[in-house]
Amino acid sequence: MNYLALIYTTPEDSPAIGSPEWETLIGEYQAMEERFRADGITFSGNELQPASTATTITVRDGKVSTMDGPFAVTKEELGGYYLFDVPDLDTALRYAAMIPSAATGRVEVRPVVEFED
Amino acid sequence: MLAALIRQLDDFALAEDALQDAVESALVHWGRNGLPEAPAGWLLRTAQRKAIDRLRRNRRFADRAQDLTLILAAEETPMEDAVDALELPDDRLRLIFTCCHPALAPKTRIALTLRTLGGLSTAEIARAFLDEDAAMAQRLVRARQKISAARIPYEVPGPADWPARLQSVLDVVYLIFNEGYAASSGATALRQGLCDEALQLATLLRDLQPAEPEIEGLLALLTLTRARMPARDPARFVPLSEQDRTHWDRAQIDDGSALVETALRRGRPGPYQLQAAISALHCAGNSHDDTDWTQIALLYDALVAFDANPVIALNRAVALSYAKGAEVGLQALLPLAGVLGNYRGYHAAEADLRRRLEQTAAARDAYERAINAPGNDVDTRFLRQRLAALPGARP
């Protein structure tokens, strides 16, 4: 079963790229991924560019309209994600809790709809 | 039976629907042909077939229907034995942990536990919460959908998750009891029912998971609190100091006190054990004055260290006022004004302490704040009486 862990953080509270705090955070993410690999779980994940780089589009009556910015402007923004393939919600929550940003921001865990063919 | 079905089918919502289908067809068949030899076995077998029918109708799960047919055929046993063999104690324990999973909202956990394990109807639960039936039904439907869709496991948690998950289960049972006991609103008969449901659930937990001190602590706490209920009057609030202690249930008090001692001797104290120990001391006193308030205040110190809940700090302040005087109690109480400003109990406690300190004007002010805070009518009447009894009060 696939679960998407959506990482929400407040950019103004996040360490500046290249700062010692940032180095520490990167180290923590690397250690976490090591642990995921050691446990043998299937996962993938990425960090996203800030929400200021987002573009939101809507298509109505075949007409595309493009808007600068994220779908919703909030203090906490989507900063990255992990996709886990694990047996159940408890396992997903256990790994999501290892995401370093969960200690400062929030991580929303959503089950992915599965279609059997 | 539901617990056994959930384990077999590995799907909470499907098991509930299938059992419902089976009950419906029982009404038809049994009405026509009379009761079968083993009604429980008949129901279970029928529910299994209904589950397979439901899966077949849903093409996405056609493969699972195939699997289940094979599994159930392999498990073919005489009907009389089917239920006993399937109803393992572990099934009900799993069910409690699933219903009280922290991924569900606290109110949903309570409702789902009452519906699934307590056997209350959706309408009864809605009444207990003063919700519309439809809103409560909707809440339960969403919960079942989430359990299935997010695959909340139907399992007793392992050692790593055990303490937090057990806490969630104990809190649900405690809240069910408290909803009945504190009677924030609603009819009395139903509230009494909630207390008894909670006691049964705590007893079930203790039987399923013996030698777990916090479970014993919770069961002891509920037993001791229940023992003192006959001295209460549904129509008016009777403070502990004025209760007729001959109305307390001595047998229950002995049971509860023995249980909390057993729990504490295991050397793993926790908040429910401490609250039960406090309750046991209240029950041991022959009168309000005769109560060991010093020991109670010490237990509250320990409890505050476990749980920073300001209501516990409030109770600690009241205990201190009897152990060391009203002034000491008031000094411990006043810092809580900020966090408990909307809580009636805070203003009532402040009013009582100021009354005892003969600060009449300040007491009157606090009683008025307490009366204006949200709460039930019985308590409002009690507070008005206290206010009227202050020296120099207007009639």
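Scoring rules and cut-offs
Residues numbered from 1 in each chain as written. Chains lettered and ligands numbered in written order. Predicted model: local features only at pLDDT ≥ 70, side-chain atom pairs only at ≥ 80, totals over all residues. Helix = DSSP H or I, 4+ residues; strand = E, 2+ residues; numbered from the N terminus. Buried ≥ 20, exposed ≤ 12 C-beta atoms within 10 Å, placed from the backbone. Contact = placed C-beta atoms within 7 Å. Nonpolar A, V, L, I, M, F, W, Y, C, P; charged D, E, K, R; others polar. Pairing = 2+ DSSP bridges. Axes fitted to C-alpha atoms, helices over the stretch in contact; angles between N-to-C directions. pLDDT = per-residue confidence, 0-100. Parallel < 35°, antiparallel > 145°, perpendicular 65-115°, else oblique. Left-handed = near helix turned anticlockwise from the far one by under 90°. Expected span 1.5 Å × (residues − 1). Arc of directions from axis to C-beta. Core = buried A, V, L, I, M, F, W, Y, C linked by C-beta atoms within 7 Å.

## Here we look at the overall build of chain A
In step 1: Within chain A one finds two helices and six strands.
In step 2: Listing the helices and strands of chain A from first to last along the sequence gives β-α-β-β-β-β-α-β.
In step 3: In terms of its C-alpha atoms, chain A occupies a principal-axis envelope of roughly 50 × 50 × 15 Å.
In step 4: Counting over 117 residues, chain A shows a buried share of 11%.

## Overview of the interface of chain A and chain B
Put simply, an interface is often sized by how much accessible area is lost when its parts join up.
In step 1: The interface of chain A with chain B comprises seven residues on the first partner and nine residues on the second.
In step 2: Here the side of chain A that touches chain B is built from residues that sort into four nonpolar, no polar and three charged.

## With respect to unusual backbone geometry
Residue and element names in this part refer to chain B.
In step 1: In this structure, Arg151 is a non-glycine residue whose phi angle is positive, near 50°.
In step 2: Within the fold, Arg151 resides in the loop between α9 (133-149) and α10 (162-182).
In step 3: With a phi angle near 60°, Glu358 is a residue other than glycine that sits in the positive phi range.
In step 4: Structurally, the position occupied by Glu358 is in the loop between α18 (344-356) and α19 (360-372).
In step 5: Residue classification places Glu358 among the exposed residues on the basis of 11 C-beta atoms within 10 Å.

## Here's the deal with the sheet that holds strand β6 (residues 106-111) of chain A
All names here are of chain A.
In step 1: Taking strand neighbours across the sheet as the criterion, the four strands line up as β2-β5-β1-β6 in an open arrangement whose pairing is antiparallel. In this open sheet, the two edge strands, each paired with only one partner strand, are β2 (42-47) and β6. Taking the axes of each pair of neighbouring strands and ignoring which way they run, one obtains an average angle of 20° across the sheet.
In step 2: Two elements, strand β1 (residues 2-9) and β6, share six bridges in a ladder whose sense is antiparallel. By the bridge assignment, Leu6 is partnered in β6 with Glu108.
In step 3: Contacts from helix α2 (residues 89-96) reach β1, β5 (77-85) and β6 within the one sheet, and its direction differs from that of β6 by about 155°.

## Quick notes on the confidence of the model for chain B
All names here are of chain B.
In step 1: Mean pLDDT for chain B: 86, with 89% of residues reaching 70 or above.
In step 2: This model gives residues 77-83 a pLDDT under 50, and the stretch forms 15 contacts once residues within four places in sequence are excluded.
In step 3: Reported for the predicted complex are a pTM of 0.76 and an ipTM of 0.78.

## Some thoughts on the packing of helix α15 (residues 293-306) of chain B against helix α16 (residues 310-324) of chain B
Geometrically, a packed helix pair is captured by the angle between its two axes and the distance between the axes.
Residue and element names in this part refer to chain B.
In step 1: The contact between α15 and α16 brings their axes to 8 Å, and the two run at 155°. Relative to α16, the element α15 lies roughly antiparallel. Judged by the twist between their axes, the crossing of α15 over α16 is left-handed. Here Trp293, Thr294, Ile296, Ala297, Tyr300, Asp301, Leu303 and Val304 of α15 lie close against α16, whose contacting residues are Ile312, Ala313, Asn315, Arg316, Ala319, Leu320, Tyr322 and Ala323.
In step 2: Within the contact of α15 with α16, the residues separate by chemical class into 12 nonpolar, two polar and two charged.

## Some details on α19(B)
Residue and element names in this part refer to chain B.
In step 1: For α19, spanning 13 residues, the distance from its first C-alpha to its last is 18 Å, which sits close to the expected 18 Å at 1.5 Å a residue.
In step 2: Where α19 is concerned, the buried positions are Ala363, Ala366, Tyr367, Ala370 and Ile371. Viewed end-on, α19 has its buried residues packed into an arc of 140°, placing them on one side of the element. Along α19, exposed side chains directed more than 90 degrees from the buried face belong to Ala361 and Asn372.

## Examining the nonpolar core
All names here are of chain B.
In step 1: Ranked by size, the top nonpolar core spans 115 residues in total, and within it Val169, Val173, Phe177, Ala198, Ala202 and Leu218 carry the most contacts.
In step 2: Top element by residues in this core is α10. It accounts for nine residues.
In step 3: Here Val169 is in contact with Ile96, Phe97, Cys100 and Leu205, once residues within four sequence places are set aside.

## Considering the environment of Leu320(B)
Residues and elements named next belong to chain B.
In step 1: For Leu320, the position within the fold is in helix α16.
In step 2: With 19 residues separating them in the primary sequence, Leu320 and Val339 have C-alpha atoms 20 Å apart.
In step 3: Beyond its immediate sequence surroundings of up to four residues, Leu320 is in contact with Ala297, Val328, Gly329 and Ala332.

## Considering the packing of helix α14 (residues 271-284) of chain B against α15(B)
Residues and elements named next belong to chain B.
In step 1: It is the contact of α14 with α15, at a shortest axis distance of 9 Å, that shows an interaxial angle of 165°. One way to sum up the angle between α14 and α15 is to call them roughly antiparallel. In this structure, α14 crosses over α15, and the sense of that crossing is left-handed. Contacts from Pro271, Leu274, Gln275, Ala277, Ile278 and Leu281 of α14 reach α15 at Gln295, Ile296, Leu299, Tyr300, Ala302, Leu303 and Phe306.
In step 2: Looking at the contact of α14 with α15, its residues break down into 11 nonpolar, two polar and no charged.

## What to know about α18(B)
It helps to recall that an α-helix has 3.6 residues per turn; residues three or four apart then point in one direction.
Residue and element names in this part refer to chain B.
In step 1: Taking 1.5 Å of rise per residue, 13 residues should cover 18 Å, and α18 covers 19 Å from first to last C-alpha, within 8% of that figure.
In step 2: Across the 13 residues of α18, 10 count as buried, placing the element largely inside the fold.
In step 3: When we look at burial in α18, the residues that qualify are Tyr346, His347, Ala348, Ala349, Glu350, Ala351, Asp352, Leu353, Arg354 and Arg355.
In step 4: Turning to α18, the residues buried within the fold contact α16, α17 (326-333), α19 and α20 (377-388).
In step 5: A positive phi of about 60° marks Glu358, the residue just after α18.

## Quick word on the pairing of β1(A)
In step 1: Both β1(A) and β5(A) contribute to a ladder of eight bridges, which runs antiparallel. Bridge pairing in β5(A) places Asn2(A) opposite Asp85(A).

## Some thoughts on the environment of His282(B)
All names here are of chain B.
In step 1: Of note, His282 is situated in helix α14.
In step 2: Of the residues examined, His282 has 19 C-beta atoms within 10 Å and is grouped as partly exposed.
In step 3: In this structure, the C-alpha to C-alpha distance between His282 and Val339, residues 57 residues apart in sequence, is 27 Å.
In step 4: Every residue in contact with His282, bar those within four places of it in the chain, is listed here: Leu240 and Thr291.

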